[in-house]
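Residue-level listing of the chains:
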Amino acid sequence: MNQVPLFSSAGELANMVVTSNLTDVAWAKILELQRGQSALPCSVQPMVYDPTPNEPNHTIVVFAPSPDSTQYTLSQGGDLVPYPKFDFLCTKGCPSVSNNRAALTPFTPLYDHLSGLKDELNKREGQLIITGQSLGGSIASLFTLFLLSSMDKESKCRPICITFGSPLIGNFGLQHSHWNSFFLHLVSDKDPLSTLFLPSGRSAPTSSHSQATAYKPFGTYLLCSELGCACFDDPDFIFKFLTVASSEVAGGLQVVVDYGEILRNLKYRAICKGPRLVGERLTDPFSAGIVMELKTIGIDPAKKDLTTYWEDMVAEAERKPQKEGASFRTGWLQAGTTYRRMVEPLDIAVFYKDGGRDYINSKRSQHYKLLEQWYEEAAKPPTREELDSKKQKVSVLLTEDSCFWAHVEEAILSCKSLTNANSTPELRESSWNNLVKFGEYVMEQIENYAVSPEIFLKDSCFMTWWGEYKVYIASPSNPCSLRFIQFIDFMKTGRYGVYGRSEVP
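None of these values were measured; they are calculated from a predicted model.

## Focus on the overall build of the protein chain
Within the protein chain, the regular secondary structure consists of 21 helices and nine strands. Per-residue burial for the protein chain yields a buried fraction of 52% across its 505 residues. Counting contacts in the protein chain only where the partners sit at least 6 residues apart, residues at least 24 apart contribute 75% of the total. Split by element, the accessible area of the protein chain, about 23500 Å² in all, is 52% carbon and sulfur.

## Describing the confidence of the model for the protein chain
With 72% of its residues at a pLDDT of 70 or more, the protein chain has an overall mean of 76. Segment residues 1–9 is flagged for pLDDT under 50; beyond a separation of four residues in sequence, or across chains, it makes 30 contacts in the model. When the criterion is pLDDT under 50, residues 201–212 qualifies, and its contacts beyond four places in sequence or with other chains add up to 26 contacts.

## Overview of the pairing of strand β7 (residues 183–188)
For β7, the buried fraction is high: six of the six residues fall into the buried class. Neither face of β7 is open: one carries Phe183, His185 and Val187, the other Leu184, Leu186 and Ser188, and all of them are buried. Two elements, strand β6 (residues 157–164) and β7, share four bridges in a ladder whose sense is parallel. By the bridge assignment for β7, Phe164 is matched with Leu186.

## A few points about the pairing of strand β2 (residues 58–63)
Look at any regular strand and the pattern is simple: side chains alternate between the two faces of the sheet. Within β2, six of the six residues are buried, leaving the element largely enclosed by the surrounding structure. Side chains His58, Ile60 and Val62 of β2 all project onto a buried face; the interleaved residues Thr59, Val61 and Phe63 project onto the opposite face, where all are buried too. Note: strand β1 (residues 47–49) against β2, three bridges, orientation antiparallel. What sits directly across from Met47, in β2, is Val62. Alignment of β2 against strand β5 (residues 126–133), held across six bridges, turns out to be parallel. Opposite Val61, over in β5, you have Ile130 as the bridge partner.

## Topic: the nonpolar core
Within the largest apolar cluster, 55 residues are counted, with the highest numbers of intra-cluster contacts made by Phe86, Phe107, Phe143 and Leu145. Apart from the residues lying within four places of it in its own chain, the contact partners of Phe107 are Tyr83, Phe86, Leu114, Ile139, Leu142, Phe143 and Phe146. Within the second largest apolar cluster, 54 residues are counted, among which are Met313, Leu387, Trp466 and Tyr472.

Criteria and cut-off values
Residues numbered from 1 in each chain as written. Predicted model: local features only at pLDDT ≥ 70, side-chain atom pairs only at ≥ 80, totals over all residues. Heavy atoms only, no water. Helix = DSSP H or I, 4+ residues; strand = E, 2+ residues; numbered from the N terminus. Buried < 20%, exposed > 50% of the residue type's maximum accessible area, 1.4 Å probe, protein only. Contact = heavy atoms within 4.5 Å. Areas by Shrake-Rupley, 256 points an atom, 1.4 Å probe, with all protein chains shown as cover. pLDDT = per-residue confidence, 0-100. Pairing = 2+ DSSP bridges. Core = buried A, V, L, I, M, F, W, Y, C linked by side-chain atoms within 4.5 Å.

Below, the structure is given as structure tokens:
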């Protein structure tokens with residue numbers, strides 16, 4: 001099996017799935033199947049939904065055991081047991097792989113039927129969504145692994161497994177499969193079923209502590225709390241989140257979480273975004289979301305350690321010969337870019353909060369400069385199709401220029417210099433020229449869909465600056481510049497209000 005992963009990072013997978021409405025489609029089909037069920041003892045048959053005029057490229061496979069079946073099966077315990085049919089997951093470093101007995105109990109009787117379904121699906125083209133909630137999600141994960149084991153890189157079938165509140169299904173061996181990027185698990189911190197077999201959870205008596213600690217997450221997780229959702233694929237972090245949630249969540253097997261409501265909330269906030277909890281001037285929503293989630297579950301963000309890690313990585317790449325260094329960078333440049341866009345705005349916020357000026361020239365770290373330089377060297381000009389794709393997804397993308405908020409802070413300072421009666425004519429002229437350049441810069445970012453729509457939120461630093469500047473340009477002392485007119489028109493006409501939607505700015 002040489003199937004190439006579809007996505008290079010957790011955020012890439014999660015953003016694609018959420019913005020393309022695949023999660024809504026999957027959840028709707030789960031509810032549709034659940035509504036037509038009767039109480040069954042313990043078996044579950046998958047339902048295959050063929051493409052429709054509304055979803056012409058989607059085949060959906062749903063595993064939805066009845067509530068009675070789910071409660072009965074999960075109550076039998078969460079022992080990890082070997083299953084020879086999944087020996088294809090074994091590697092030299094991990095010679096044995098064990099799976100959750102609760103998930104294998106309904107899966108095993110279906111094996112012959114699922115083998116035929118697997119062969120049928122391998123012949124299809126387009127997007128294949130395999131989904132389920134709770135126990136159904138566990139079975140969906142097992143079937144997806146089974147399906148992937150028989151696919152090759154020439155296959156035209158593109159599977160994605162989306163689960164909702166499902167218990168962990170296996171041990172250490174699953175973490176090292178090549179297929180992590182095909183799995184997206186939505187988990188609420190209020191869902192008792194997703195943490196059922198963890199040490200501090202509500203494991204059945206037959207599940208020993210050593211068995212419980214052997215469970216390991218795999219794939220990408222959307223971890224959801226009342227404060228928001230964040231996306232992670234680090235198994236150790238996910239395990240800690242689930243363990244903390246397990247010790248705090250109330251209820252038993254009868255508790256049902258409404259993931260439809262969670263999905264509706266996701267429509268109004270991007271992955272890894274949420275309220276600002278780290279200080280008044282924290283203006284990058286991605287960073288705020290990450291810090292928010294880490295603090296929510298009691299983990300120190302350890303930004304200093306993260307920065308040290310990337311400083312060391314950049315220094316190591318610089319020490320290598322040119323060709324080797326370029327190859328070395330390729331593997332982690334995307335992660336480094338995400339780090340830069342996530343963390344540098346935090347440094348900028350602290351710098352200006354402490355009264356600093358000219359961050360880019362006086363304070364910016366060399367490792368940020370090199371990460372940006374390497375990214376720009378590797379990037380290609382976007383095609384028309386790629387720009388259209390960015391337009392559709394801009395509401396969940398990070399602001400591309402990690403120094404954007406430094407430019408905003410400098411614009412605020414320039415605006416103050418213009419309105420300060422003690423400013424010299426030379427300083428006013430310099431400040432005005434800086435603001436003209438800033439307007440042109442912002443307009444370029446907007447036209448390339450390179451900034452998040454959240455810069456236009458009412459209380460953002462950018463809109464605070466615009467409020468002050470709008471008053472100034474309406475005054476008689478304004479040295480009007482036609483070079484600036486496109487940006488001023490964009491803001492005055494309120495077109496920023498539809499930025500990120502289907503309308504063209």
